[in-house]
Amino acid sequence: MDHGGCALLVGVRGNEIVQVKGDPEGHLNKGYTCHKGRVSADRLYHPDRLRYPLRRAGKRGEGKWRRISWEEALDVTAAGLLAIREKYGARAVGFGAGMPKGLEHFVLIRLANIFGSPNVVASQDVCHAPREVTGIHTCGFYPVADLHHPTRLILSWASNLLSTSEEGQIASLLLERLKDGAGLIVVDPRRTELAEKADLWLQLRPGTAPALALGFLHVIIEDSLYDADFVDKYTYGFADLARQVKAYDPQTVAGITRVSPDLIQKAARLYATARPAALQWGNGIEHDVNVFDAARSLVCLMAICGNLEVPGGNVNAHDPAILGLGQFVRADLIPDKRKEMIGAFHGTIPKMMTVPPAYFRKAVLDGTPYPVRGYYGMCTNPLVAWADSKLTYEAFMSLDFIAMAEIFMTPTASLADIVFPVAHQYEMNDIGHYGIGHGMILARPKIVDPPPECWPDIKIMNELGKRVSDPQYWHDDFEQFLEDVVRPAGLSYAGFAAGGPLKGPDLFGLYQEKGFRTPTGKVELKLSTAEKFKLKPLPEFTGLPEADDPEYPLTLISAKSRYYLLSSYRWVEALRKKRPRPRVEIHPETAKAHGIAEGDQVVISTKYGEITQTARVTDIVHPGVVSGALGWWFPESDAADQFEWRRSNFNMLTSIGKLGREFGTPNIQNLPCKIRRA
Ligand SMILES: Nc1nc2c(c(=O)[nH]1)N[C@H]1C(S)=C(S)[C@@H](COP(=O)(O)OP(=O)(O)OC[C@H]3O[C@@H](n4cnc5c(=O)[nH]c(N)nc54)[C@H](O)[C@@H]3O)O[C@H]1N2
Ligand SMILES: Nc1nc2c(c(=O)[nH]1)N[C@H]1C(S)=C(S)[C@@H](COP(=O)(O)OP(=O)(O)OC[C@H]3O[C@@H](n4cnc5c(=O)[nH]c(N)nc54)[C@H](O)[C@@H]3O)O[C@H]1N2
Ligand SMILES: [Mo]
């Protein structure tokens, strides 16, 4: 129910799933699965699940629908998209995806490419692209923490892994490493469960990650604790970096981050001297405008300490011999994509291949850089998931045509012209972890039949594709896409599914022969392409993402809930029972000063809006910080009001007024805020 990767044992009676548990032989999860994994089959049986295609019958968003046939749904969608292409060009249609679930993500990109639109809209501005793309520019690959091999230390930086098991970095792997004796440093403004287990916990002031990372670099260079041999042979711009970090001495950095100089020194020294050490970085660094500086300084940290491409460090995970991504999505059909995409006009960083939602909405609302009038979306709920929900509402209300594929009616789907009911996990054959840089793919075989009129996303797009483009690009049977992916490995899908995860080879230290895949062939501590791409050559800390504001004295952050996936599944009863209401975490002193008690309704406001959540009084947050719940809407309320998307939705508090240029990232946390009892 998140990025996935847990192998499961699924008990079936007839066509019904009656039990789900972790498979002890699971490559990533070793028998573990989280609560939402155990109840994941409940998604299939909800009485309000979408079961047939719907066409809007009233005004946009009015909540009035007519049941239609698949034939009609596909024809109307094709006609809607083609009319826009005719009038404004193919790029006037945005193809939207949320968090990738399986192969559907890449079939969507293929559909966009074949249709002729360079505009795939996704939340990559705040999710993984900053880490991946910064890695590629700095060292030629996306350096993922290698938790599969013994390591001496894990540095968990803005990662909430015990709740999120993000991107297949399943918590059980990390716990196994700790059991083997690895040390643990946690950098997080909240005292997470992981922080409780840490040797050192650095409770930084939210939004100061780049300063802290530069402080680490300062200490390590000052004390000559870096890997001098590696730095000498394999890095570019070390002297410049050393000069750059001079200003970030522990005293200065302590003033910015609230972490004591002592602790900064201790943690930096520990990381530099425990080799190998794996840096597990998370979303927390990707959620404000300074993300590029944060990601750049962390890759520099991995590099100078000799932790790149070593087992138990941060590695380049090599794919098995499967179909390349570019071939799968038919990148060849859209050679000018990079120049034509909406983001390019705003100067987003090369290799960022999706359109940041902020720029998508600008295009929709004011035609910059060109008009965008249509949207096909799946696996996503932008009205709640994107920063600045009011703007999202305006943008979607103004579109000429919207089609969404969903399991359930959501705030965003309720604004569509056509809603397709999907079959999903357990009801279709699928491949997990394709294209996400972890060097493996996993089979997600079909277990039960979907309701008769629910189709897998891949099938929907395969049939839509035939209506909006040359049918030669599409298959008679959509499952051929699965075969295409594994065929180069000499496998059929069935053979692959029977054989377990397909892993690429473990290859370390390739740079010793081939260099790094950057223009200089070295790890670019200083970016050699900075001038050409108008990027900062060296990381720096330019200040808080939003300036202090006496009217909003607290800092607002958030962390993902272990019971939900962002805005998904509030309608799954077993999950809702665990977390019935959105909870805002407030320190006891702060709660007292505001006359707030546990369970009270609390109004949280920023310059951009206000919402109400329920008080959770806890000292896991700093007195100056409150941590809000993400993704809330109320499926039990009125569809004609988009299920109360304004009431508790965190993104009512965020804005796209200020964006990080490289990825178009808005400040979705680390914002000045205030609270009061409702
Ligand atoms: N303020 C703030 N905003 C954030 C974040 C944050 O931390 N703070 N996190 C960001 C991140 S990291 C991400 S990845 C995005 C996530 O953004 P989204 O991916 O848009 O996330 P969800 O809100 O979970 O919406 C997913 C939707 O897909 C539907 N769905 C589930 N399975 C299927 C399927 O098989 N097929 C189809 N068609 N639909 C399916 C679900 O019902 C749900 O409505 O949000 C980002 N937004
Ligand atoms: N249960 C569950 N699992 C999920 C998801 C979900 O919604 N629910 N979402 C999935 C998705 S789309 C993703 S991308 C991953 C995300 O996985 P994670 O990266 O683990 O996600 P977050 O919960 O956003 O974790 C961010 C952490 O950063 C901390 N933080 C906040 N602000 C700052 C800051 O300024 N500096 C630092 N250093 N830390 C900060 C937060 O306290 C939090 O602990 O998880 C995936 N798995
Ligand atoms: Mo994400």
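Remember, it's a predicted structure, so these values are computed and weren't measured experimentally. (Residues numbered from 1 in each chain as written. Chains lettered and ligands numbered in written order. Predicted model: local features only at pLDDT ≥ 70, side-chain atom pairs only at ≥ 80, totals over all residues. Heavy atoms only, no water.)

Caption draft 1: Highlighting the overall build of the chain. The helix and strand inventory of the chain stands at 25 helices and 29 strands. In summary, the chain has a C-alpha radius of gyration of 24 Å against a globular reference of 26 Å for 678 residues, a match within 12%. The principal-axis extent of the C-alpha atoms belonging to the chain is close to 70 × 65 × 55 Å. Taking all 678 residues of the chain together, the buried fraction comes to 61%. For the chain, long-range pairs separated by at least 24 residues make up 75% of all intrachain contacts whose partners lie at least 6 apart in sequence. (Helix = DSSP H or I, 4+ residues; strand = E, 2+ residues; numbered from the N terminus. Rg over C-alpha atoms; globule rule 2.2 N^0.38 Å. Buried < 20%, exposed > 50% of the residue type's maximum accessible area, 1.4 Å probe, protein only. Contact = heavy atoms within 4.5 Å.)

Caption draft 2: Inspection of the site of ligand 1 at higher detail. Inspection of the region around ligand 1 gives 30 residues, with Ala385, Glu406, Asp457, Ser567 and Ser568 positioned closest. A distance of 3.1 Å separates an oxygen atom of ligand 1 from a polar side-chain atom of Lys560. Measuring from a nitrogen atom of ligand 1, one finds a side-chain N or O atom of Asn651 at 2.8 Å. In the complex, the protein chains occlude 97% of the 920 Å² of accessible area that ligand 1 would expose alone. Class assignment for the residues of the shell around ligand 1 results in 15 nonpolar, 11 polar and 4 charged. Summarising the domain contributions, the shell around ligand 1 has at least three residues from each of domain 1 (8-127 + 321-503) and domain 3 (554-677). (Near = heavy atom within 4 Å. Polar contact = N/O pair within 3.5 Å; in protein donor to acceptor, adjacent residues only side chain to side chain. Areas by Shrake-Rupley, 256 points an atom, 1.4 Å probe, with all protein chains shown as cover. Nonpolar A, V, L, I, M, F, W, Y, C, P; charged D, E, K, R; others polar. Domains from an automatic or database assignment.)

Caption draft 3: Molecular detail of the environment of Gly324. Note that Gly324 resides in the loop between β13 (314-315) and α14 (325-329). A C-alpha to C-alpha distance of 8.6 Å links Gly324 and Gly435, two positions 111 residues apart in sequence.

Caption draft 4: Fine view of the pairing of strand β8 (residues 153-157). With 5 of 5 residues buried, β8 is to be regarded as a mostly interior element. Bridge count for β8 against strand β9 (residues 183-187) is 5 bridges, and the pairing is parallel. Opposite Leu155, over in β9, you have Ile185 as the bridge partner. Where β8 meets strand β12 (residues 277-281), 5 bridges bridge the pair, whose relative direction is parallel. (Pairing = 2+ DSSP bridges.)

Caption draft 5: Spotlight on the domain arrangement of the chain. Structurally, the chain comprises domain 1 (8-127 + 321-503), domain 2 (143-316) and domain 3 (554-677). Between domain 2 and domain 3, the contact holds 21 residues from the first and 23 residues from the second. Counting the surface domain 2 buries against domain 3, the share from its top three residues, Arg190, His287 and Val289, is 33%. On the surface where domain 2 and domain 3 come into contact, there are 3 salt bridges. (Buried area = accessible area lost by both parts, 1.4 Å probe. Salt bridge = Lys/Arg side-chain N within 4 Å of Asp/Glu carboxyl O.)

Caption draft 6: A look at the site of ligand 2. Not every one of the 35 residues close to ligand 2 is listed here, only the nearest: Asn160, Thr164, Asp188, Asn283 and Tyr564. Interatomic distance of 3.4 Å between a backbone N/O atom of Ala158 and an oxygen atom of ligand 2. A distance of 2.7 Å separates an oxygen atom of ligand 2 from a polar backbone atom of Asn283. Coverage of ligand 2 by the protein chains reaches 97% of its 920 Å² of free accessible surface. It is helix α5 (residues 161-164) that contributes the most residues to the shell around ligand 2, 3 residues altogether. Class assignment for the residues of the shell around ligand 2 results in 13 nonpolar, 15 polar and 7 charged.

Caption draft 7: Focus on the side chain of Thr555. By the element assignment, Thr555 lies in strand β22 (residues 554-558). Apart from residues lying up to four places away in sequence, Thr555 is in contact with Arg205, Pro206, Gly624, Val625, Val626, Asn670, Leu671 and Cys673.

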